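# Descriptive structure summary
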Amino acid sequence: MTEWAVRPSGGLHGRVCVPGDKSISHRALMLGSLADGTSQVSGFLPSGDCLATLACLRALGVQIEMHDATTLTVHGRGMRGLRAPSAPLDCVRSGTTMRLLAGILAGQAFGCTLTGDSQLLRRPMRRITEPLRQMGAEIEDTDGHAPLVIRGRALRGTDHSLDVASAQVKSALLLAGLYADGPTTVRQCGPARDHTERLLAAMGAAIDVRGLDVTVAPASSLHPLSLRVPGDVSSAAFLLVAGLLVAGSQVTVEGVGINPTRTGLLDVLRSMGASITVENEQQQGGESVADLTVWASELAGVEIGGDRVVRMIDEFPVLAVAATQAQGKTVVRDAGELRVKETDRIAAIVIALRRMGAQIEPQPDGFVVSGPTPLHAATVDSLGDHRLAMALAVAGLVADAEVVVRDADCIADSFPGFEELLRSLSSRGMA
Ligand code: S3P
């Protein structure tokens, strides 16, 4: 499926589940590897990014049994049980793999190199290498980029004030803090996703959260996990926006994680006039999950900035699509981080949606969309960015004729089976 031809769709109907949460799947593998004993994980996301983490951990000596695509056992090796890999660790296209592993590897008794594909080698790594060096880590980068050559060392507990709201940076420092000689504090500038903190607390680590400040104590052992990973709200987002935009739709996504650090898009869509209900809320593995239902809705433009941005940082490509169908202006600001995701998501979504006839203006830290505008047939490029590819496929459902999304294979980086799931909701077929 290198090119995906998406046709305009009649109403979408049905109840579906989305694959497991990507952020939690990475963390379950990494933390399970450091635990004393075996962790059982179900609902694991077998996507390109998470499988990259799995392969790296195996190369570090961790035995991971996959019982089926989503159920696995991680044989933890304890905090000091990882082994030097025989070759550089390939994080493929996964920023989470590279940044979080760097935190763990900085404090080991061996050295190793973290590398990845050309997309990952373009992403900024100074945001982790500099604070890790303040902890005493020895890391060589190439002008702020991977490959990262890490020589494991004793680390110092350090007080960090972040100038970017990033869960990957926070998590890298907290994981390194497990290996430090005293407490490590991370002072965040925004409420980035807190899955690392929740899992560490569940595993018995001494972790203290006060507002945006998180402190972790060094740990000599972690309890193993028994975890059912919630559905990924960032994957559900594409189906929910599709259901809101395609006339006559009613779509339910079951078992979705609704951790408040992840649900900025739901708040924003509601403030745009979306009909969304949250039902059957329950606790699962230290996270809240629920069934989310949307009905096709008339949307109005909205202004988004401040803390809400980090709570929906992965959802801006699909929000931009929703904004093209909303009445009035949608203004996104404080979202400069979008420029350093898998692609420059501000530039990439502007180019693709303009090609379909949208009125969208880039800004240094966001974009402005004026709507509603009809979207037209076009061939658009995902540039190898999974979230861009899925957002453009959603745009194709409401366009007036076929939209071809180039380089659509990357969807499997976070949402294997997306095309089939969308097809199952659609009353008219898609190519
Ligand atoms: C992630 C954090 C976010 C997000 C990414 C996953 C994580 O990145 O965009 O998809 O699992 O910690 P940043 O920390 O760079 O914002």
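Residues numbered from 1 in each chain as written. Predicted model: local features only at pLDDT ≥ 70, side-chain atom pairs only at ≥ 80, totals over all residues. Heavy atoms only, no water.

### Overview of the sheet that holds strand 18 (residues 303–304)
What the 4 strands build is an open sheet, ordered 18-19-21-20; its pairing is mixed. A strand with exactly one partner marks an edge of an open sheet, and here the two such strands are strand 18 and strand 20 (359–363). Relative to strand 21 (residues 366–371), strand 20 is paired through 5 bridges, and the arrangement is antiparallel. By the bridge assignment, Glu361 is partnered in strand 21 with Val368. (Pairing = 2+ DSSP bridges. Helix = DSSP H or I, 4+ residues; strand = E, 2+ residues; numbered from the N terminus.)

### Section: the site of the ligand
Taken together, Lys22, Ser23, Arg27, Thr96, Arg99, Ser166, Ala167, Gln168, Arg193, Ile313, Asp314 and Lys341 make up the full set of residues adjacent to the ligand. In the model, an oxygen atom of the ligand is placed 2.7 Å from a nitrogen or oxygen of the Ser23 side chain. Within the complex, the protein chains bury 96% of what would otherwise be the 390 Å² of accessible surface of the ligand. Judged by its atoms lying within 2 Å of the grid points, the ligand is housed in the largest pocket. Sorting the residues of the shell around the ligand by element identifies helix 1 (22–34), helix 3 (95–105) and helix 6 (167–177) as the ones contributing at least two each. With 3 residues, helix 1 is the single largest residue contributor to the shell around the ligand. For the shell around the ligand, the residue count by class is 2 nonpolar, 4 polar and 6 charged. There are two domains that each give the shell around the ligand at least three residues, and those are domain 1 (3–20 + 230–425) and domain 2 (22–211). (Near = heavy atom within 4 Å. Polar contact = N/O pair within 3.5 Å; in protein donor to acceptor, adjacent residues only side chain to side chain. Areas by Shrake-Rupley, 256 points an atom, 1.4 Å probe, with all protein chains shown as cover. 1 Å grid on protein atoms, 1.4 Å probe; cavity = no way out; pocket = protein on both sides within 12 Å on 5 of 7 lines; lining within 4 Å. Sits in = over half its atoms within 2 Å of the grid points. Nonpolar A, V, L, I, M, F, W, Y, C, P; charged D, E, K, R; others polar. Domains from an automatic or database assignment.)

### Focus: the pattern of salt bridges
Working definition: two side chains of opposite charge can pair if their charged atoms are close together. For the structure shown, the criterion picks out 33 salt bridges. Between Asp117 and Arg93 there is a salt bridge, with the nearest N and O atoms lying 3.9 Å from each other. Here Arg93 lies in the loop between strand 6 (89–90) and helix 3 and Asp117 lies in the loop between strand 7 (111–115) and helix 4 (118–121), a separation of 24 residues in the sequence. The exposure class assigned to Arg93 is partly exposed, which follows from its relative accessible area of 23%. A salt bridge links Arg262 to Asp232; the shortest N-O distance between them is 2.9 Å. (Salt bridge = Lys/Arg side-chain N within 4 Å of Asp/Glu carboxyl O. Buried < 20%, exposed > 50% of the residue type's maximum accessible area, 1.4 Å probe, protein only.)

### Digging into the nonpolar core
Grouped together as the largest cluster of nonpolar side chains are 82 residues, with contacts concentrated most on Leu239, Phe316, Leu319, Leu353 and Phe418. By residue number, the principal contributor to this core is helix 8 (residues 233–245), which donates 10 residues. Beyond its immediate chain neighbours, meaning those up to four positions away, Phe418 contacts Trp4, Phe238, Leu239, Met390, Ala393 and Ile411. Counting 67 residues, the second-largest nonpolar core is a separate cluster that includes Phe110, Leu148, Leu175 and Leu227. (Core = buried A, V, L, I, M, F, W, Y, C linked by side-chain atoms within 4.5 Å. Contact = heavy atoms within 4.5 Å.)

### Side note on the sheet that holds strand 7
The mixed open sheet is built from 4 strands, whose spatial order is 6-7-9-8. Each end of this open sheet is capped by a strand with a single partner; those strands are strand 6 and strand 8 (138–142). Along the sheet, helix 3 contacts strand 6, strand 7 and strand 9 (145–151); its crossing angle with strand 7, the most-contacted strand, is approximately 175°. (Axes fitted to C-alpha atoms, helices over the stretch in contact; angles between N-to-C directions.)

### A word on helix 5 (residues 126–134)
Since the α-helix turns once every 3.6 residues, residues separated by three or four places project in the same direction. Within the sequence span of helix 5, burial applies to Arg127, Ile128, Thr129, Pro131 and Leu132. Just past helix 5, the residue Gly136 takes up positive phi, approximately 100°.

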